[in-house]
Amino acid sequence: MSNRRLKVAVLVSGSGSNLQVMIDAMQAGTLPIDIIGVISNREDAYAITRANTANIPVAVLSHAPSGKRMSIATFEKHALAQIEAWSPDLVVLAGFMRVLSAEFIHAVPCAMINLHPSLLPAYKGLDTHARVVRSGDQHHGCSVHLVTPELDAGQVLTQAWLSVDAHDTTEGLGKRVQKLEHQLVPATLDLIAKNVLELDAIKAGRTTGLLKLPLRFWLHESQE
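For the structure given in this document, a descriptive report is provided here. Computed from a predicted structure; not experimentally measured.

## Overview of the environment of Lys68
So, point 1. In this structure, Lys68 sits in the loop between strand S3 (58-60) and helix H3 (72-86).
So, point 2. The spatial distance from the C-alpha of Lys68 to the C-alpha of Pro117 is 31 Å, given a sequence separation of 49 residues.

## What to know about the packing of aromatic side chains
For any two aromatic rings, the description comes down to two numbers: the centre-to-centre distance and the angle of the planes.
So, point 1. Applying the stated rule across the entire model yields two aromatic pairs.
So, point 2. Seen in terms of ring centroids, Phe75 and Phe96 are 5.6 Å apart; in terms of plane orientation they differ by 25 degrees. Their pairing is stacked. On the criterion of sequence distance, the pair formed by Phe75 in helix H3 and Phe96 in the loop between strand S4 (90-93) and helix H4 (102-107) is long-range, its members being 21 residues apart.
So, point 3. In this structure Phe96 comes out as buried when scored by relative accessible area, which is 8%.
So, point 4. On the basis of an interplanar angle of 45 degrees and a centroid distance of 5.8 Å, the ring pair of Trp161 and Trp218 is categorised as tilted. Of this pair, Trp161 sits in strand S7 (residues 156-163) while Trp218 sits in strand S8 (residues 215-218), and the two are 57 residues apart along the sequence.
So, point 5. Residue Trp218 is classed as exposed on the basis of its relative accessible area, which comes to 56%.

## Observations regarding unusual backbone geometry
So, point 1. Residue Pro121 follows Leu120 across a cis peptide bond; omega there is 10 degrees.
So, point 2. In this model, Leu213 is joined to Pro214 through a cis peptide bond whose omega is 0 degrees.
So, point 3. Here Pro214 lies in the loop between helix H7 (199-203) and S8.
So, point 4. Unlike most non-glycine residues, Ser87 shows phi in positive territory, near 55 degrees.
So, point 5. Position of Ser87 relative to the elements: it lies in the loop between H3 and S4.
So, point 6. With phi around 55 degrees, Asp127 is a residue other than glycine that occupies positive phi space.
So, point 7. You can see Asp127 is positioned in the loop between strand S5 (111-116) and helix H5 (128-135).

## As for helix H1 (residues 17-28)
So, point 1. Its 12 residues place the ends of H1 16 Å apart at the C-alpha level, agreeing with the 16 Å of an ideal helix rising 1.5 Å per residue.
So, point 2. Along H1, the positions that sit buried rather than exposed are Ser17, Asn18, Leu19, Val21, Met22, Ile23, Ala25 and Met26.
So, point 3. Buried residues in H1 make contact with strand S1 (6-12), strand S2 (33-40), helix H2 (46-53), S4, S5 and helix H6 (170-193).
So, point 4. Phi turns positive one or two residues past the end of H1, at Gly29, with a value near 80 degrees.

## Digging into the layout of surface pockets
In this approach a probe as big as a water molecule rolls over the atoms, and the regions it shows empty are the leftover space.
So, point 1. Estimated volume of the largest pocket: approximately 910 Å³.
So, point 2. Lining the largest pocket we find 35 residues, and of these Gly95, Phe96, Met97, Leu115 and Pro117 sit closest to its centre.
So, point 3. When contributions to the lining of the largest pocket are tallied by element, the ones reaching two or more residues are H1, S5, H5 and H6.
So, point 4. When residues in the lining of the largest pocket are grouped by element, the largest group, four residues, is from H6.
So, point 5. Taken together, the residues that form the lining of the largest pocket break down as 13 nonpolar, 16 polar and six charged.
So, point 6. Of the residues that make up the lining of the largest pocket, three or more belong to each of domain 1 (1-110) and domain 2 (117-142 + 160-223).
So, point 7. The computed volume of the second largest pocket comes to approximately 260 Å³.
So, point 8. Around the second largest pocket, the lining comprises 15 residues; the ones closest to its centre are Ile105, Leu146, Val147, Thr148 and Lys203.
So, point 9. Within the residue set of the lining of the second largest pocket, elements represented by two or more residues are H4, S5 and H7.

The rules behind each value
- Residues numbered from 1 in each chain as written.
- Predicted model: local features only at pLDDT ≥ 70, side-chain atom pairs only at ≥ 80, totals over all residues.
- Heavy atoms only, no water.
- Helix = DSSP H or I, 4+ residues; strand = E, 2+ residues; numbered from the N terminus.
- Phe/Tyr/Trp six-rings, centres within 6.5 Å; stacked < 30°, edge-to-face > 60°.
- Buried < 20%, exposed > 50% of the residue type's maximum accessible area, 1.4 Å probe, protein only.
- Expected span 1.5 Å × (residues − 1).
- Contact = heavy atoms within 4.5 Å.
- 1 Å grid on protein atoms, 1.4 Å probe; cavity = no way out; pocket = protein on both sides within 12 Å on 5 of 7 lines; lining within 4 Å.
- Points joined across faces, edges and corners; volume = space filled by probe spheres on them.
- Nonpolar A, V, L, I, M, F, W, Y, C, P; charged D, E, K, R; others polar.
- Domains from an automatic or database assignment.

Now the structure itself:
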């Protein structure tokens, strides 16, 4: 089992609460990763402040020099160049809210994983918590999966589950799931860093019967 430190680049769009969890675990020495850079497609994302405070390099790719908002093609061109310059072992999409093209996904020189707020393959796309509340489903949670050109359709690596209460609201359920995200993301990165989850083999479809994916966790909902 490998104990190497995993070099990670993170793509963000918003507050970056999961980025902060990664930073905290990295700085505490409880997670064997080095976050070598953060890319944001929004100049007002609070995740930028979190990265700057931790002295992590940041690339803000929101607007072209003309002041016009970057097209997805322009963003991908600059993001790919930055990722190649950083040379990470893994790219993590943590609250990144743009759909990436197949060309970009295939061009990135390492595996990419995404955190999605549902128990995939259920509820791909947006507004997952509201859809679960409307459905009356008994279970909900979050998933970490490989990024592929088809939206939220890559191999699911890990999932954290919770029971949906009859009184759950969309907002309340979202907060409950976020607490699970804050445990699932570092747990998954730890498994990848220690080569328990061999991403190259999983991408190539070479998983063995000893490891049935996704790995599913009923996690304690911390009172943070």
